[in-house]
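Okay, here's what each chain looks like letter by letter:
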Amino acid sequence: AVGWVLLITRLGLYAWFLWAVQSSASEGGMKLRTFLSQFRIAGSIYFLAYPMIFLMTKCFAPYYQHAAMAVGLMLMQMGSNLWLANLFLTRGEYFKVSTLSSSMLPGGTKFGLVKEE
């Protein structure tokens, strides 16, 4: 019964996530929309992985279900952590739309660029 509650909760959080991403995309520019499309894919995989793993483990015998669920969730967490780390910590779309790509200091430069005089 607890697994079904978690499944419903995860699907509700996924719907909320999609609404928030859509709201942000409608208020942002083209660069933000490009980033949010990648973020939506990563978030969708993250939020839908638990329900998929939960439903697939129902095909196993009851004494294998816990192990299959644990391994599946661990692999999902590792994969989503790697993807999100790549999305946020590289100089990709997030870097372009965030304040990381520009300096607020007078006469400052963008990170990684040499100031020309």
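Just so we're clear, the structure is a prediction, and the values are computed from it rather than from any experiment.

A. Summary view of a nonpolar patch on the surface. Residues Val71, Met74, Leu75 and Met78 make up a contiguous nonpolar surface patch of roughly 380 Å² in combined accessible area. Along the chain, valine 71 turns up in helix α3 (residues 62-89). The exposure class of valine 71 is partly exposed, given its relative accessible area of 45%.

B. Seen up close, the packing of helix α2 (residues 30-57) against α3. Remark: α2 packs on α3, axes separated minimally by 9 Å, with the N-to-C direction vectors making an angle of 175°. One finds that α2 runs roughly antiparallel with respect to α3. Only Gln65, Ala68, Met69, Gly72, Leu73, Met76, Gln77, Ser80, Trp83, Leu84, Leu87 and Phe88 of α3 make contact with α2, whose side of the interface consists of Phe35, Gln38, Phe39, Ile41, Ala42, Ile45, Tyr46, Ala49, Tyr50, Ile53, Phe54 and Thr57. Across the contact of α2 with α3, the residue classes break down as 18 nonpolar, 6 polar and no charged.

C. Spatial organisation of the side chain of arginine 10. Along the chain, the position of arginine 10 falls in helix α1 (residues 2-27). We classify arginine 10 as buried; its relative accessible area is 15%. Setting aside anything within four residues of it in sequence, one finds arginine 10 in contact with Tyr46, Phe47, Tyr50, Pro51 and Met76.

D. Geometry of the side chain of threonine 57. Within the element layout of this structure, threonine 57 appears in helix α2. Taking the relative accessible area as the measure of exposure, threonine 57 reaches 5% and is therefore buried. Leaving out residues up to four positions away in the same chain, threonine 57 has contacts with Gln65, Ala68 and Met69.

E. Expanded view of the confidence of the model for the protein chain. Averaged over every residue, the pLDDT of the protein chain is 83; residues scoring 70 or more account for 85%. Within the protein chain, the element-level pLDDT minimum falls on helix α4 (residues 93-97), averaging 78, and the maximum on α1, averaging 91.

F. Structural view of the packing of α1 against α2. Two numbers describe how α1 lies on α2: the axes approach to 10 Å, and their chain directions differ by 175°. The angle between the axes of α1 and α2 places the two elements in the roughly antiparallel class. Tallied by class, residues from the contact of α1 with α2 come to 20 nonpolar, 6 polar and 3 charged.

G. A look at α3. When the terminal C-alpha atoms of α3 are compared, their 40 Å separation across 28 residues agrees well with the 40 Å that a helix rising 1.5 Å per residue should span. Those residues of α3 lying buried are Met69, Gly72, Met76, Ser80 and Leu87. In the core, the buried residues of α3 are packed alongside α1, α2 and α4.

H. Focus on the nonpolar core. Within the largest apolar cluster, 8 residues are counted, these being Tyr14, Phe17, Val21, Ala25, Phe35, Leu36, Phe47 and Leu87. Of all the secondary structure elements, the ones that give two or more residues to this core are α1 and α2. A total of 4 residues in this core trace back to one element, the largest contributor, which is α1. The residues touching phenylalanine 47, leaving out its near neighbours within four places in the chain, are Arg10, Leu13, Tyr14 and Phe17. Core analysis: the next-biggest nonpolar cluster, separate from the first, contains 7 residues, Ala49, Tyr50, Phe54 and Met76 among them.

Criteria and cut-off values
- Every chain is numbered independently, its residues counted from 1 as its sequence is written.
- With pLDDT at 70 or above as the cut-off, local features in this predicted model cover only qualifying residues; side-chain atom pairs require 80 or more to be listed or tallied, and sums for whole chains, interfaces and linings still use all residues.
- Side-chain calculation: all heavy atoms of the structure are included, whereas hydrogens and water are not.
- Without a salt bridge and with relative accessible area above 30%, a residue can belong to a patch; like charges are then joined within 9 Å and nonpolar side chains (Val, Leu, Ile, Met, Phe, Trp, Tyr) within 5 Å.
- Each accessible area is a Shrake-Rupley estimate made with a 1.4 Å probe; only the visible protein chains count as cover when residues are assessed.
- Here, a salt bridge means any Lys or Arg side-chain nitrogen found within 4 Å of an Asp or Glu carboxyl oxygen.
- Each helix is a run of DSSP H or I of at least 4 residues and each strand a run of E of at least 2, with the numbering of both proceeding from the N terminus.
- Here's how the labels work: a residue is buried when its accessible area is under 20% of the maximum for its type, exposed when over 50%, partly exposed in between, all with a 1.4 Å probe on protein chains only.
- Lines fitted to C-alpha atoms define the axes, with helix axes restricted to the stretch in contact, and inter-axis angles between N-to-C directions lie between 0 and 180 degrees.
- Reported orientations rely on four angle classes, namely roughly parallel under 35 degrees, roughly antiparallel over 145, roughly perpendicular from 65 to 115, and oblique for the rest.
- We call two residues in contact when some of their heavy atoms are within 4.5 Å.
- Amino acid classes used here: Ala, Val, Leu, Ile, Met, Phe, Trp, Tyr, Cys and Pro are nonpolar; Asp, Glu, Lys and Arg are charged; the rest, including Gly, are polar.
- Confidence of the prediction at every residue is given by pLDDT, a number between 0 and 100.
- The span expected for a helix works out to 1.5 Å for each residue beyond the first.
- Only buried residues count toward a nonpolar core, which is a set of Ala, Val, Leu, Ile, Met, Phe, Trp, Tyr and Cys residues joined through side-chain atoms within 4.5 Å.

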